[in-house]
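Okay, here's what each chain looks like letter by letter:
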Amino acid sequence: MNDAETLAHLRELFLDNPDLEAARWLALSISLALVAAVLFLVRRRGLREEYTPIWLAVSAALVFVSLRIDLLRELTRAIGAWTPSSTLFFLGELFLVAICLNYAVRLSRASLLIKNLAQEIALLRAQVEKLAARGEDARE
Amino acid sequence: MLVIPSFNEAPRLPALLARIEAEKTGLEVVVVDDGSRDATAELAARAGATVLRHPFNLGYGAGLQTGYKYALEVGARCVVQMDADGQHDPSDIRRLLAPLERGECDLVIGSRFLAPTGYEMGFTRTLGRRFFVGLARAFGIRVTDPTSGFQALGRRVLELYAGDSFPSDYPDVDVLLTAHRHGLAVREISVEMHASQRKSTLHGGLRSVWYVYKMLLAVWAASAGGTK
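Computed from a prediction, not measured in an experiment: that's the story for all the values here.

**Q** Would you take a moment to explain the nonpolar core for this structure?
**A** Nonpolar side chains tend toward joint burial in soluble globular proteins. Core analysis: the biggest nonpolar cluster contains 38 residues, and Met1, Leu52, Tyr68, Val79, Leu153 and Tyr161 of chain B have the highest contact counts within it. Contributions of two or more residues to this core are made by helix H5 (84-139) of chain A together with strand E2 (29-33), helix H3 (60-74), strand E5 (107-111), helix H5 (123-138), helix H6 (155-161), helix H7 (173-181) and helix H8 (207-223) of chain B. With 29 residues, the next largest nonpolar core counts Val31, Leu100, Tyr119 and Ile189 of chain B among its residues.

See below:
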């Protein structure tokens, strides 16, 4: 058996590795904990409703993957990875990059709004001070 | 109207305001206090200036823009902007305003390099300036001092610069390009500048690397029409 065949054989061994029941339950528990955390934060007004779909979708995807590891195995085979866990890490990283970019865009918008608001405060404060001074002058 | 963005300028501002007063320009002096932790706002108010106070530090560009917004609100025809650190000479204000008042252009830049004034820059800053002069030239703007903060701006420029695309930190070549793209005429006059009395400048040290990077991106965005 040459090196390439050995590697292919090794990869098949990794891919055909039987599912660990413990890993499945761990993934399920984490997904449900994530759903609970999202709902808890919404109830406590710590997370706005419009930010929840993405996290609930992530939880649903985790639940789905924990129940159908065979599909994850197929995906792993399709993208050329060795183990389902590395596929999960890869997808997780892609998700994190996308969500960071999304938040950077939202942050840029929020910064602009904060700057405009602070400028508006400065202009209004000057106006109020001017009116107050005029009122004092009129009283004198 | 004369706009002076200031951040922790209490040690330098009173002397500058006294020199401006002595010039008797007749302009309303507006000091934009950009969230100073010292007595900048109080000293400016005591000297008779209109004070616009940011609730917290927003950046040099945002300070200028607050001044522009105020000028538009009160119906000013033009604005002269100058730094609070004593670099710019108030005796040049009238000369800076003259081309605007004659209707010859929309934006006048006070240049340190149009004629020999003896102003000296370090090697890195000279290199940076040459780079930005070349960059501006590539877009058809012929200026010798694109980073000068001593400028006179007409109403059309104020309306443009009051928009959301105006940067909060360093408005330099990118905003010149925006003005140029909107068909506004830019002109330079020679002015004398003194060394900044501030210990650190906006473009010093590691900041200059960030500045060049940010400016290149901003110029690219402005050239692609990413302006309002």
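Text resumes after the structure shown.
**Q** I would appreciate a short explanation of the state of the cysteines in the present structure.
**A** In protein chemistry, a disulfide is the covalent bond that joins the sulfur atoms of two cysteines. Residues and elements named next belong to chain B. With the rule as written, the count across this model stands at zero disulfides over all chains. The closest cysteine sulfur to the non-disulfide-bonded Cys105 is located on Cys78, 11 Å from its own sulfur. Residue Cys105 is classed as buried on the basis of its relative accessible area of 8%.

**Q** Mind showing me how you'd approach unusual backbone geometry here?
**A** Backbone phi values are negative for most residues with the exception of glycine, while trans is the configuration of most peptide bonds. With a phi close to 60 degrees, Arg45 of chain A is a non-glycine residue in the positive phi region. For Arg45 of chain A, the position within the fold is in the loop between helix H2 (21-43) and helix H3 (52-67). Its identity as a non-glycine residue notwithstanding, Lys24 of chain B has a phi of 50 degrees, on the positive side. Structurally, Lys24 of chain B can be placed in the loop between helix H1 (13-23) and E2.

**Q** Help me understand the packing of aromatic side chains, please; the structure alone is not making it clear to me.
**A** The description of an aromatic ring pair uses the distance of the two centres, along with the angle that the planes make with each other. All names here are of chain B. The final tally for this structure, using the stated rule, is nine aromatic pairs over all chains. Pairing Tyr161 with Phe166 gives two aromatic rings, centres 5.1 Å apart and planes at 40 degrees, and the pair type is tilted. When its relative accessible area of 3% is taken as the criterion, Tyr161 is described as buried. Owing to a relative accessible area of 5%, Phe166 belongs among the buried residues under this scheme. On the basis of an interplanar angle of 35 degrees and a centroid distance of 5.5 Å, the ring pair of Trp210 and Tyr213 is categorised as tilted. Pair noted here: Trp210 and Tyr213 are both in helix H8, with a separation of three residues, about one helical turn. A relative accessible area of 48% means that Trp210 is categorised as partly exposed.

Cut-offs applied
Residues numbered from 1 in each chain as written. Chains lettered and ligands numbered in written order. Predicted model: local features only at pLDDT ≥ 70, side-chain atom pairs only at ≥ 80, totals over all residues. Heavy atoms only, no water. Core = buried A, V, L, I, M, F, W, Y, C linked by side-chain atoms within 4.5 Å. Buried < 20%, exposed > 50% of the residue type's maximum accessible area, 1.4 Å probe, protein only. Helix = DSSP H or I, 4+ residues; strand = E, 2+ residues; numbered from the N terminus. Disulfide = S-S within 2.5 Å. Phe/Tyr/Trp six-rings, centres within 6.5 Å; stacked < 30°, edge-to-face > 60°.

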